[in-house]
Amino acid sequence: MRAALSTLKFLEAGSLSHAFKIMKTHPGIMPTAGCTDIYVSLNFGTLKVREFLNLWGLSELRKIQMKGDYLSIGSLATYTQIIHSDSVKKWIPMLIQASSSIGGMQIQNRGTLGGNIGNGSPAGDTLPVLAAAEAVVVLGSTEGIRRISFNMFYTGYRKNAMNPEELILSVEIPRIKSQQWYRKVGTRAAQAISKIVMAAVLSKDPEEQQDPRRIRIAFGSLAPTVIRAFRTETALAENGNITEAQKTLLSEIQPIDDIRSTALYRQTVAANLLAEWWGKVSPRSLIKS
Amino acid sequence: MQFTVNGKKVNVRAYPMKRLLDVLREDLGLTGTKEGCGEGECGACTVLINGEAVCSCLVPLAQVKGARVKTIEGVKHPIQEAFVREGGTQCGICTPGFIMSALTLPANVSLKEMQERLAGNLCRCTGYMGIYRAVKKGLKAKRGAKLVSLRVKKKSQKRKRVRSI
Ligand SMILES: Cc1cc2nc3c(=O)[nH]c(=O)nc-3n(C[C@H](O)[C@H](O)[C@H](O)COP(=O)(O)OP(=O)(O)OC[C@H]3O[C@@H](n4cnc5c(N)ncnc54)[C@H](O)[C@@H]3O)c2cc1C
Ligand code: FES
Ligand code: FES
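What counts as what
Residues numbered from 1 in each chain as written. Chains lettered and ligands numbered in written order. Predicted model: local features only at pLDDT ≥ 70, side-chain atom pairs only at ≥ 80, totals over all residues. Heavy atoms only, no water. Phe/Tyr/Trp six-rings, centres within 6.5 Å; stacked < 30°, edge-to-face > 60°. Buried < 20%, exposed > 50% of the residue type's maximum accessible area, 1.4 Å probe, protein only. Lys NZ or Arg CZ within 6 Å of the ring centre and 35° of its normal. Axes fitted to C-alpha atoms, helices over the stretch in contact; angles between N-to-C directions. Helix = DSSP H or I, 4+ residues; strand = E, 2+ residues; numbered from the N terminus. Left-handed = near helix turned anticlockwise from the far one by under 90°. Contact = heavy atoms within 4.5 Å. Nonpolar A, V, L, I, M, F, W, Y, C, P; charged D, E, K, R; others polar. Domains from an automatic or database assignment. Pairing = 2+ DSSP bridges. Near = heavy atom within 4 Å. Polar contact = N/O pair within 3.5 Å; in protein donor to acceptor, adjacent residues only side chain to side chain. Areas by Shrake-Rupley, 256 points an atom, 1.4 Å probe, with all protein chains shown as cover.

**Thoughts on the packing of aromatic side chains**
Evaluation of the coordinates by the stated rule reveals six aromatic pairs over all chains. Ring plane angle 90° and centroid distance 5.7 Å describe the contact between phenylalanine 150 of chain A and tyrosine 154 of chain A, whose orientation is recorded as edge-to-face. Note on phenylalanine 150 of chain A: relative accessible area 2%, which makes it buried. Seen in terms of ring centroids, tyrosine 128 of chain B and tyrosine 132 of chain B are 6.1 Å apart; in terms of plane orientation they differ by 20°. Their pairing is stacked. Each residue in the set Phe150, Phe153 and Tyr154 of chain A is aromatic and connected to the rest through ring pairs, giving one cluster. Residue placement shows lysine 195 of chain A over the ring face of tyrosine 265 of chain A; its charged tip is 5.2 Å from the ring centre.

Put into structure tokens, the structure is as follows:
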């Protein structure tokens, strides 16, 4: 442990409104949930923050519940909670797949959905799911509550549209009348940072066949933030030609070389994942149902 | 900070972001919990908080307020002997963590499930098969079942060696 933990301040939030007040009156303070990202950075000595706010006790942020026609998942809901939730299983099974692929069970017992969003790593495994699902992030502060579309949330590498004093309260998942697909490519089956993640939905609902948004595709680890492959979606929606769509995808993404993979590898895998998915959900089955 | 460790109430005075791992080892003298990586990867520091396996190197003290913590010192279970018998332990650094994680698995756990659920525990010595055998046998063994002690064997080996000198 490189950071001298004894010098760090850890403030307790007694209630949500108390947490909002602390966020407002302590500029630069960092909210903490399960600490599975924060303690790793503290250990590396890369985190320069000296004041933290403990959210862990705020059980109201841990609820997973249906609210009218969307599913609300509290920011403090852990992966283990998500994996065992019947509502999540019914509503957005690809989030269960993503959550099961994160870390080992020790990390799943502690890591939270809000933490994955707040951390904002381009390799965050739940993020492509939220992008394809067109989720809404609910933010709160002393100023009140506001909602922002998940696809507008990130503004750059680990940068987001939150005001400094805001907290993530929950994520709202609209109904997806479609087949959901999730695939993580990593170095081993469990507990590995992903090399590439793809989440996609495709609606088979006859009423939605003219809706260009019936196909939604998102990738992690291909860009500084999670991305939606909008042009590829349109290409597939227009003519269903997978070879064309792969070309469009390759022109749409510009992955980088880094210590985990090369750009070429990432492009190849992304194009293959697209074809694998399309092969499974193919337009033929689309017309049939 | 008040919480329960192995069924006993404790009141620790330490800074709130001290890692639970260090509180256990330094403030409470429970050195059975090991540090491998200090970043959540290896699982050597695994303890149970309210029955769930967690990496104690990633948990700030303030987050166990009022919780039930269980460490290897609080475990008395046939799985421990099974680790010895099945070659589930060599250098021993990973063993307490493996045992804590294994105790959260169902008794009839399959190999595949075991591999998945123990993926957060790494071992650099055994090659895992001894560990999986030990977990399987240990979880099946009835609590309190008498397992033949290995010490007997060791003694007789020693005696033999002495005689041959
Ligand atoms: C061994 C290991 C393996 C891992 N494997 C994976 C993996 O496979 N895939 C993956 O995606 N991640 C992985 N992670 C990373 C991590 O577990 C996840 O990102 C997790 O979701 C973080 O959640 P947390 O509650 O622990 O966040 P914390 O560490 O508590 O916080 C992370 C960030 O989010 C902010 N934050 C947290 N909650 C809120 C909130 N309510 N409002 C505003 N900001 C907030 C914090 O300020 C901080 O910046 C791994 C980590 C470890 C240690
Ligand atoms: S020491 Fe905690 S996981 Fe390695
Ligand atoms: S016995 Fe040495 S690391 Fe597992």
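The rest of the description comes next.
**Some thoughts on the packing of helix 2 (residues 78-85) of chain B against helix 5 (residues 129-140) of chain B**
Two quantities define a packed helix pair, namely the angle between the helix axes and the distance between the axes. All names here are of chain B. Following both chains from N to C, one finds helix 2 and helix 5 inclined at 145°, their axes separated by 8 Å at the closest point. Regarding helix 2 and helix 5, the two cross each other, and that crossing is right-handed. For the pair formed by helix 2 and helix 5, the contact residues are Pro78, Ile79, Ala82 and Phe83 on the first element and Ile131, Ala134, Val135, Gly138 and Leu139 on the second. For the contact of helix 2 with helix 5, the class distribution of residues is eight nonpolar, one polar and no charged.

**Digging into the domain arrangement of chain A**
If you check the domain split of chain A, you get domain 1 (5-54), domain 2 (60-174) and domain 3 (178-286). Just the C-alpha atoms count here: the centres of domain 1 of chain A and domain 3 of chain A sit 36 Å apart.

**Focus on the sheet that holds strand 2 (residues 8-11) of chain B**
Residue and element names in this part refer to chain B. Pairing within the open sheet is mixed, and its five strands lie in the order 2-1-5-3-4. Where the open sheet ends on each side, the last strands, each with one partner, are strand 2 and strand 4 (52-55). Averaged over all pairs of adjacent strands, the angle between strand axes in this sheet comes to 35°, irrespective of strand direction. Two strands pair when backbone bridges link them, and strand 3 (residues 46-49) and strand 5 (residues 68-70) are joined in this way by two bridges, in the antiparallel orientation. Across the sheet, residue leucine 48 finds its bridge partner in strand 5, namely lysine 70.

**Section: the sheet that holds strand 5 (residues 70-74) of chain A**
Residue and element names in this part refer to chain A. Spatially, the five strands line up as an open sheet ordered 4-5-10-6-7, and their pairing is antiparallel. Edge strands, defined here as strands with exactly one partner in the open sheet, are strand 4 (64-67) and strand 7 (144-149). On average, adjacent strands in this sheet sit at an angle of 25° to one another, irrespective of strand direction. Contacting strand 6 (136-141) and strand 10 (167-174), helix 1 (residues 16-25) crosses the sheet at an angle of about 120° to strand 10.

**Description of the site of ligand 1**
Near ligand 1 you find 37 residues, and of these Pro31, Thr36, Asp37, Tyr79 and Thr112 of chain A are the closest. Site remark: ligand 1 is flanked by residues from chains A and B. Threonine 36 of chain A places a side-chain nitrogen or oxygen 2.6 Å from an oxygen atom of ligand 1. In this structure, glycine 115 of chain A approaches ligand 1 through a main-chain N or O atom, which is 3.5 Å from an oxygen atom. Contact with the protein chains removes 93% of the 1000 Å² of surface that ligand 1 exposes when unbound. Secondary structure elements with two or more residues in the shell around ligand 1: strand 2 (30-32), helix 2 (38-44), helix 7 (113-119) and strand 10 of chain A. At five residues, helix 7 of chain A tops the list of elements feeding residues into the shell around ligand 1. Of the residues in the shell around ligand 1, the class split is 16 nonpolar, 16 polar and five charged.

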